[in-house]
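# Coordinates in review
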Amino acid sequence: MLIHTIKEVREKIEEWKKQGLTIGLVPTMGALHNGHLSLIKKCVEKCDKTVVSVFVNPIQFCPGEDLDKYPRTLDADEKLCKDAGVDIVFAPSPQEMYPDAQMMSNDFFTYVIPPFFYTDKLCGKSRVGHFDGVCTVVNKLFNIVQPDFAFFGEKDRQQLIILKKMVKDLNIPVQIIPCPIVREESGLALSSRNKYLSDNDKKNALALSKILFNIKACYNNGITDVKALTETAYSYLNNNHSLEYLEFRDAENLEEKKTADDNTVVFIALKIGDVRLIDNISLARG
Ligand code: PAF
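Report on the accompanying structure. (Residues numbered from 1 in each chain as written. Predicted model: local features only at pLDDT ≥ 70, side-chain atom pairs only at ≥ 80, totals over all residues. Heavy atoms only, no water.)

By the element assignment, D156 lies in the loop between β5 (149-153) and α8 (157-169). The class for D156 is partly exposed, based on a relative accessible area of 32%. When the C-alpha atoms of D156 and S126 are compared, they prove to be 15 Å apart, with 30 residues separating the residues in sequence. (Helix = DSSP H or I, 4+ residues; strand = E, 2+ residues; numbered from the N terminus. Buried < 20%, exposed > 50% of the residue type's maximum accessible area, 1.4 Å probe, protein only.)

Given below as structure tokens:
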């Protein structure tokens, strides 16, 4: 069922809560692919009712980013959700989510601001304010849908860590369920932004997963010094790549690691032309 208004979602949720049903939420920005579908599948399996939100959240895009050209494919998304057994596709307009849109600056609008320690690094460094927008919209979605469980992909692992922290700090009664990255056979992590890549870009994009898999293999062979682990990475890069970061950080609090251990996640971001791609890998064994 496709719903555009908060009022209608609330009515349904109230009905389900009265019946004692568990509710799962999969927040998305649409342009659904198999990565999203793996989250949706998990949610449908675990919860009595599944809500998928489809909302390209304007306040998490920075000036100059791809807000206007971000792929919007609601008809196809709705069909995929229907086939996957989703109960509600919640696709609000920006006006529905932000009725005070003309005053979107945080001088006039309540934002949820995650801790600076979590946002001043990795993607937060180049996308200033991005995670404020993410936390604000996810908080709104939690308040609207009141889910027992919410499903997020490990592809956006900094986002996942920040949202877990928000839920803990603000005592939000929802359990976050992390879902593993889904990759093409080539290793490329699925992302809605892969739609922007030409065939040649796609070949170049394999550098991300190759670098990460190589680091993991070296770590499994006993190398733990981050400098040594990083050295080989550069051999996968060419003139088409502009590396934004390759960093080793703690899986819980994003602290920098000088020596890798099983609690380390390796994060990478690089640009191919105008397209910015991210990926990560956990060094946890077993
Ligand atoms: O990961 C995303 O697609 C978005 O950041 C989210 C969580 C749906 C919030 O807009």
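Now for the site of the ligand. By nearness alone, every residue bordering the ligand is listed as P27, T28, M29, N57, Q60, V134, V137, F152, D156 and Q159. A distance of 2.6 Å separates an oxygen atom of the ligand from a polar atom in the side chain of Q60. The fraction of the free accessible surface of the ligand (290 Å²) that becomes covered by protein chains is 89%. Counting residues per element, the ones that place at least two in the shell around the ligand are β2 (23-28) and α7 (130-145). The residue inventory of the shell around the ligand, partitioned by class, reads 5 nonpolar, 4 polar and 1 charged. (Near = heavy atom within 4 Å. Polar contact = N/O pair within 3.5 Å; in protein donor to acceptor, adjacent residues only side chain to side chain. Areas by Shrake-Rupley, 256 points an atom, 1.4 Å probe, with all protein chains shown as cover. Nonpolar A, V, L, I, M, F, W, Y, C, P; charged D, E, K, R; others polar.)

The next point concerns the packing of α7 against α8. Relative to each other, α7 and α8 sit at 55°, their axes nearing to 11 Å. In terms of axis orientation, α7 runs oblique to α8. Our pair here, α7 against α8, has a crossing hand that is right-handed. On α8, the residues that touch F131, V134, C135, V138, N139 and F142 of α7 are Q158, Q159, I162, L163, M166 and V167. Considering only residue class, the contact of α7 with α8 consists of 9 nonpolar, 3 polar and no charged. (Axes fitted to C-alpha atoms, helices over the stretch in contact; angles between N-to-C directions. Parallel < 35°, antiparallel > 145°, perpendicular 65-115°, else oblique. Left-handed = near helix turned anticlockwise from the far one by under 90°. Contact = heavy atoms within 4.5 Å.)

Let us look at α7. Taking 1.5 Å of rise per residue, the 16 residues of α7 would be expected to cover 22 Å, and the 22 Å separating its terminal C-alpha atoms lies within 8% of that figure. Judged by how many residues are buried, α7 sits mostly within the fold: 14 of 16 residues are covered. Looking one or two places after α7, you find Q146, whose phi comes out positive at around 45°. (Expected span 1.5 Å × (residues − 1).)

Pairing within the open sheet is antiparallel, and its 3 strands lie in the order β7-β8-β9. Bordering the open sheet on either side are β7 (241-250) and β9 (275-282), each of which pairs with just one other strand. Strand after strand, the sheet turns through a mean of 15° between neighbouring axes, direction not considered. Taken strand by strand, α8 contacts β7, β8 (264-272) and β9, and its axis lies near 130° from that of β8. Here helix α9 (residues 199-220) sits on the sheet in contact with β7, β8 and β9, set at roughly 20° to β9. (Pairing = 2+ DSSP bridges.)

The next thing to look at is the sheet that holds strand β3 (residues 49-54). On the basis of which strands lie adjacent, the open sheet formed by 6 strands has the order β1-β4-β3-β2-β5-β6 and parallel pairing. In this open sheet, the two edge strands, each paired with only one partner strand, are β1 (2-3) and β6 (175-179). Across 5 bridges, β5 lies against β6 in parallel orientation. Its bridge partner lying in β6, A150 is registered against I176. This element, helix α2 (residues 34-46), spans β2, β3, β5 and β6 of the sheet and lies at about 160° to β5.

To continue, consider the nonpolar core. Judged by nonpolar contacts, the single largest core of 46 residues is most densely connected at V51, F90, M97 and F142. Counting only elements with at least two residues in this core, the list comes to α1 (6-18), β2, β4 (88-90), α7, β5, α8 and β8. Considering each element in turn, this core owes the most residues, 9 residues, to α7. When residues no more than four places from it in sequence are discounted, the contact partners of F142 are L25, P147, A150, F152, M166, V167, I172, V174 and I176. By size, the runner-up hydrophobic cluster in this structure holds 24 residues, among which are L212, V226, A233 and V275. (Core = buried A, V, L, I, M, F, W, Y, C linked by side-chain atoms within 4.5 Å.)

What follows is about α2. In this model, α2 (13 residues) spans 18 Å end to end at C-alpha, consistent with the 18 Å of a helix rising 1.5 Å per residue. Those residues of α2 that sit buried are G35, H36, L39, I40 and C43. Looking straight down α2, one finds its buried side chains confined to an arc of 135°; they lie on one side. Projecting away from the buried face of α2 at angles above 90 degrees are the exposed residues N34, K41 and E45. Looking at the buried residues of α2, the elements they touch are β2, β3, α3 (74-83), β5 and β6. (Arc of directions from axis to C-beta.)

You can see T264 is positioned in strand β8. Looking at T264, the relative accessible area reads 0%, which means it is buried. A polar contact of 2.9 Å, which involves the side chain of T264, links it to the side chain of D261. Apart from residues lying up to four places away in sequence, T264 is in contact with F248, R249, K257, T259, I281, S282 and L283.

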